[in-house]
Amino acid sequence: MTRIPIRRALISVYDKTGLEDLASGLHAAGVEITSTGSTAARISAAGVPVTKVEELTGFPECLDGRVKTLHPAVHAGLLADTANPEHEAQLAQLGIEPFQLVVSNLYPFEATVASGASPQECVEQIDIGGPAMVRAGAKNHGSVTVITDPARYADVLAALAEGGFTLDQRRHLAAEAFAHTAAYDLAVASWFAASYAPDEIGRDAGWPEVAGALWRRADVLRYGENPHQRAALYKNLSTERAELTQSGQASGIAAAELLHGKPMSYNNYVDADAARRATYDFAQPCVAIIKHSNPCGIAIGADLADAHAKANACDPVSAFGGVIAANGPVTAALARQIAEVFTEVVIAPGFDAEALDILSKSKNIRLLKCAGPSPAAAPDASAGLLTAVEWRPVTGGILLQTADRVNEPGDDPASWELKAGPAATPAQLADLAFAWKACRSVKSNAILLASGGASVGVGMGQVNRVDSARLAVLRAGERAAGSVAASDAYFPFADGFEILAQAGVAAVAEPGGSIRDHLTITAAQEAGVALYFTGVRHFYH
């Protein structure tokens, strides 16, 4: 028999969600409750009998509450192996009763850091007694059940009726508890490494000496990029907790909700993430169609249906079997258009009821509801939480970088420098601004031609910029004439630019910065093409 009846519980929580119902349920089942400070006060106010921890220890809380539960009367009750006769005998000799349940969650360290609080305020939110209780209960899961998440309170009440938790259940909850304290300690360690590192200047500033992340398995996938590869999806616990604290919802593909369709594959997730990257930075209604992490069409429009029609027109052949992202709720009009073309995944912040009904008629399409970027995703290296940092494994290590967002000074067309040719018309400048923003989501080397707020030709992932320019022009065909173009990096020679000019491109935006910029500027002047330097690069490898 692996179930251990719960007769005595220790409760000490910062997050008091559901506390009264839990305490009432425990009391109704005959469980004796011991608690601390404000937790005990809430339980007592709910009319539930509770023993304060100082009554148990014979020692008052002290040092502004820093010392409450750090006492043998508490920890012996948590750590005693009740299957060990010697432990039982020592408890009897000491007059200590064992606990079968500990419920604890920790001080809001991450939320305090994210709020911009002072270092001293952050230090005060480093929990000591809470992690000690959680770890003690988790270590002793053979005798004790440990609960760290209010969402588990219903499981506690159900277990009471069944005679307690089984050993397998206690082991699983112990794993959750150690993950909880591990993520907490990682957040504290990263913050300390960033906040209390020796004074640094230049490129070292803001990067902690030690960085870590805890990943929780969210799903096991059928296979990886290819059928012979195994794969699983994991969520970053620290990032997820920081986002939940600030906005109430986690963002990103890993947190997306599958509303309809078969389970997501590894490649589905990769393309869906690229699609989200392409669309969610736009304020206007935007739709992107992605294949192999590259947009075969991206556009803004009067509404999402208009944007989709324009994006699909860029390369309708490649759009077959693609992944579509919209930066607003999918409407019935958009859904009807999507339903006409075989599509693997549609990702959006939401779906209208009629749109969901239209798209759900196909069993092969996957519908993902994915929140927009969270306020927690704003870069804040000083916080040490690294929530806006991208992690990329390399052999024997990992690369970290701040996320590339289209909010650099050079991303504002008002800051661009006209280097050659006549100034772009307002319409051309609007298309250039769109092309520049859209180009960020194209794999390097990237050239994107645009007209009327839509891509008309995309050259991506080539090993030289000349081939990317040729590919973009080829895909645009007659639409290249009068279009505008964006290049994610400078033209090292004038030849790539000349291909665009010969195709009739009217204006080009590129970062500049090549030692041969003068060749491109001369070519633009001779061709009468408006050439703008942005001063910022958007490589996407």
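Residues numbered from 1 in each chain as written. Predicted model: local features only at pLDDT ≥ 70, side-chain atom pairs only at ≥ 80, totals over all residues. Heavy atoms only, no water.

**Concerning helix α18 (residues 465-476)**
Part 1: Here α18 is twelve residues long and its end C-alpha atoms lie 16 Å apart, about the 16 Å a rise of 1.5 Å per residue gives.
Part 2: When we look at burial in α18, the residues that qualify are R465, V466, S468, A469, A472, V473 and A476. The buried residues of α18 occupy one face: seen down the axis, they fall within an arc of 165°.
Part 3: Buried-residue contacts for α18 involve β17 (447-451), β18 (454-459), β19 (484-487) and α19 (495-502).
Part 4: Sitting at the head of α18, N464 places a side-chain oxygen 3.1 Å from the backbone nitrogen of V466. (Helix = DSSP H or I, 4+ residues; strand = E, 2+ residues; numbered from the N terminus. Expected span 1.5 Å × (residues − 1). Buried < 20%, exposed > 50% of the residue type's maximum accessible area, 1.4 Å probe, protein only. Arc of directions from axis to C-beta. Contact = heavy atoms within 4.5 Å. Polar contact = N/O pair within 3.5 Å; in protein donor to acceptor, adjacent residues only side chain to side chain.)

**As for the environment of A420**
Part 1: Summarising the element assignment, A420 is placed in strand β16 (residues 417-420).
Part 2: Accessibility expressed as a relative area gives 3% for A420, which makes it buried.
Part 3: For the pair A420 and F533, spaced 113 residues apart in sequence, the C-alpha separation works out to 9.7 Å.

**Here's the deal with unusual backbone geometry**
Part 1: With an omega dihedral of -5°, the bond running from S444 to N445 counts as a cis peptide bond.
Part 2: Summarising the element assignment, N445 is placed in the loop between α17 (426-439) and β17.
Part 3: Phi is positive for H292, close to 50°, though the residue is something other than glycine.
Part 4: A relative accessible area of 68% places H292 in the exposed class.
Part 5: The backbone phi angle of S293 is positive, close to 70°, even though this residue is not glycine.

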